[in-house]
Amino acid sequence: MGRIIVITSGKGGVGKTTCSANLGMALARLNHSVALIDADFGLRNLDLLLGLENRVVYTALEVLAGQCRLEQALVKDKRLHDLVLLPAAQNRNKDAVTPEQMKQLAYALTKKYDFVLIDCPAGIEMGFQNAIAAADEALIVTTPEISAVRDADRVVGLLEAHHVKTINLIVNRIRPAMVQANDMMSVQDVQEILAIPLIGMIPDDEQVIVATNRGEPLVLSENFSLSGMALQNIAQRIEGKDIDFLDLNAPYDTLFSRVKRFFKR
């Protein structure tokens, strides 16, 4: 049976969908079969970030309504055959699906896929309840801002109340210079507030915008990216590997040169 992991935050705009797309792609590159579920009914975006928007024919709602089989609704990635997407419907509200129906979809996918990643919508209403219903594990994505961290803290409590067994933290869009100037919370500050294990920290990166607009996840890019490397490392930690965290305070040129030398060996 595959693992069901929900990627959530509470606050919108912190990078949940970006993390979902990249972690799904990174796990598939590590030779795992991966199914991504877009649980944001009414406002789907995961297909855009994966560059699969033109291949969507059916959605989860058609599956639940019996209008198509689950396999027909799964959009296969054109680059990695072990990655599929179950899209959300854009023309329906978040209450169009029940938690029991989400469980039905997720459990069906675990029979064939190693990982089922659920991209959770913002907020803690019905969309959130649906997304976490089947999950045994959760990744909390937050930025080092007090409003995002407070919302993440609320979500941690809700996940624990729903008996989600494993909850890990991803701190996104870190700006080391601002942290050193005491203008931004540090990763340690965030971790102390939320009191959950850290599984990844991702630096702020303009390449995220470029990758999003192109529908090409960072982990597939041939151009060196610290954020892409951070996401690849998170995927390996999800596998259970002990991977050192990147030193985001190291001079960029020095780290860049070191990585280039490594890949030239």
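Placed above this text is the structure.
Worth saying up front: this structure is predicted, and the values here are computed from it rather than measured.

A.B. asks: Sorry if this is basic, but what is going on with the pairing of strand β2 (residues 34-38) here?
C.D. replies: One face of the sheet, then the other: side chains in a regular strand alternate in exactly this way. Summarising burial for β2: five of the five residues are buried, a large majority. Here β2 shows a buried face lined by Val 34, Leu 36 and Asp 38 and a second buried face lined by Ala 35 and Ile 37. As paired elements, β2 and strand β4 (residues 83-86) share four bridges and run parallel to each other. Bridging from a neighbouring strand, Val 34 pairs with Leu 83 of β4. Note: β2 against strand β5 (residues 115-119), five bridges, orientation parallel. The partner of Ala 35 across the bridge, within β5, is Val 116.

A.B. asks: What should I look at first to understand unusual backbone geometry in this one?
C.D. replies: Backbone phi values are negative for most residues with the exception of glycine, while trans is the configuration of most peptide bonds. Its identity is not glycine, yet Asn 182 carries a phi of approximately 60°, on the positive side. With respect to the helices and strands, Asn 182 occurs in the loop between α8 (176-180) and α9 (187-194).

A.B. asks: Could you clarify how one ought to interpret the sheet that holds strand β6 (residues 137-142) in this entry?
C.D. replies: Here we have eight strands laid out as an open sheet, ordered β3-β4-β2-β5-β1-β6-β7-β8, and mixed in their pairing. One side of each edge strand has no neighbouring strand; the edge strands of this open sheet are β3 (75-76) and β8 (198-203). In the packing of helix α1 (residues 16-29) onto the sheet, contacts are made with β1 (3-8), β2, β4, β5, β6, β7 (166-174) and β8, and the angle to β5 comes to roughly 165°. Helix-sheet contacts for α9 involve β6, β7 and β8, and the interaxial angle to β7 is about 150°.

A.B. asks: Explain the pattern of salt bridges to me, please; I cannot follow it from the model alone.
C.D. replies: When charged atoms on two side chains of opposite charge get close, those side chains can pair. Scanning the model with the defined rule gives seven salt bridges in all. Here Arg 69 makes a salt bridge to Glu 71, at a shortest N to O gap of 3.7 Å. Judged by its relative accessible area of 51%, Arg 69 falls in the exposed class. Taking the shortest distance from any N to any O, the salt bridge between Asp 204 and Arg 175 comes out at 2.7 Å.

A.B. asks: What am I meant to see in the packing of aromatic side chains here?
C.D. replies: Each aromatic ring pair is specified by the distance between its two centres and by the angle formed by the two planes. On inspection of all chains with the given rule, the structure shows zero aromatic pairs. Sitting over the face of the ring of Phe 245, Arg 237 holds its NZ or CZ atom 4.0 Å from the ring centroid.

A.B. asks: What am I meant to see in empty space enclosed by the protein here?
C.D. replies: Taking a probe equal in size to a water molecule and rolling it over the atoms shows the remaining empty space. Taken as a whole and judged by the stated rule, the model has two cavities of 30 Å³ or more. The computed volume of the largest cavity comes to approximately 60 Å³. In terms of lining residues, the largest cavity is bounded by Thr 18, Ala 21, Asn 22, Leu 49, Val 208, Ala 211, Thr 212, Glu 216, Pro 217 and Leu 218. Of all the elements in the fold, those that place two or more residues in the lining of the largest cavity are α1 and α10 (207-214). Broken down by class, the residue content of the lining of the largest cavity amounts to six nonpolar, three polar and one charged. Put simply, the second largest cavity is a space of about 40 Å³. Forming the walls of the second largest cavity are Gly 200, Met 201, Ala 230, Asn 233, Ile 234, Arg 237, Phe 245 and Leu 246. Within the residue set of the lining of the second largest cavity, elements represented by two or more residues are β8 and α11 (226-239).

A.B. asks: Teacher, can you tell me more about α11 here?
C.D. replies: Because an α-helix completes one turn every 3.6 residues, residues spaced three or four positions apart along the sequence face the same direction. The end-to-end C-alpha distance of α11, which contains 14 residues, comes to 20 Å, matching closely the 20 Å that a straight helix rising 1.5 Å per residue would cover. With eleven of 14 residues buried, α11 lies mostly within the body of the structure. Three or more residues of α11 are buried, namely Leu 226, Ser 227, Gly 228, Met 229, Ala 230, Leu 231, Asn 233, Ile 234, Ala 235, Arg 237 and Ile 238. Once α11 finishes, Gly 240 follows within two positions and takes phi at roughly 110°, a positive value.

A.B. asks: Got a minute to help me understand the side chain of Thr 142 in this structure?
C.D. replies: Mapped onto the elements of the fold, Thr 142 is located in strand β6. Residue Thr 142 is classed as buried on the basis of its relative accessible area, which comes to 1%. At 3.4 Å, the side chain of Thr 142 and the backbone oxygen of Ala 148 are in polar contact. Leaving out residues up to four positions away in the same chain, Thr 142 has contacts with Val 14, Ala 148, Val 149, Ala 152, Leu 169, Ile 170, Val 171, Asn 172, Val 190 and Leu 194.

Conventions we followed
Residues numbered from 1 in each chain as written. Predicted model: local features only at pLDDT ≥ 70, side-chain atom pairs only at ≥ 80, totals over all residues. Heavy atoms only, no water. Buried < 20%, exposed > 50% of the residue type's maximum accessible area, 1.4 Å probe, protein only. Helix = DSSP H or I, 4+ residues; strand = E, 2+ residues; numbered from the N terminus. Pairing = 2+ DSSP bridges. Contact = heavy atoms within 4.5 Å. Axes fitted to C-alpha atoms, helices over the stretch in contact; angles between N-to-C directions. Salt bridge = Lys/Arg side-chain N within 4 Å of Asp/Glu carboxyl O. Phe/Tyr/Trp six-rings, centres within 6.5 Å; stacked < 30°, edge-to-face > 60°. Lys NZ or Arg CZ within 6 Å of the ring centre and 35° of its normal. 1 Å grid on protein atoms, 1.4 Å probe; cavity = no way out; pocket = protein on both sides within 12 Å on 5 of 7 lines; lining within 4 Å. Points joined across faces, edges and corners; volume = space filled by probe spheres on them. Nonpolar A, V, L, I, M, F, W, Y, C, P; charged D, E, K, R; others polar. Expected span 1.5 Å × (residues − 1). Polar contact = N/O pair within 3.5 Å; in protein donor to acceptor, adjacent residues only side chain to side chain.

Remember, this is a structural readout, not a statement about activity or role.
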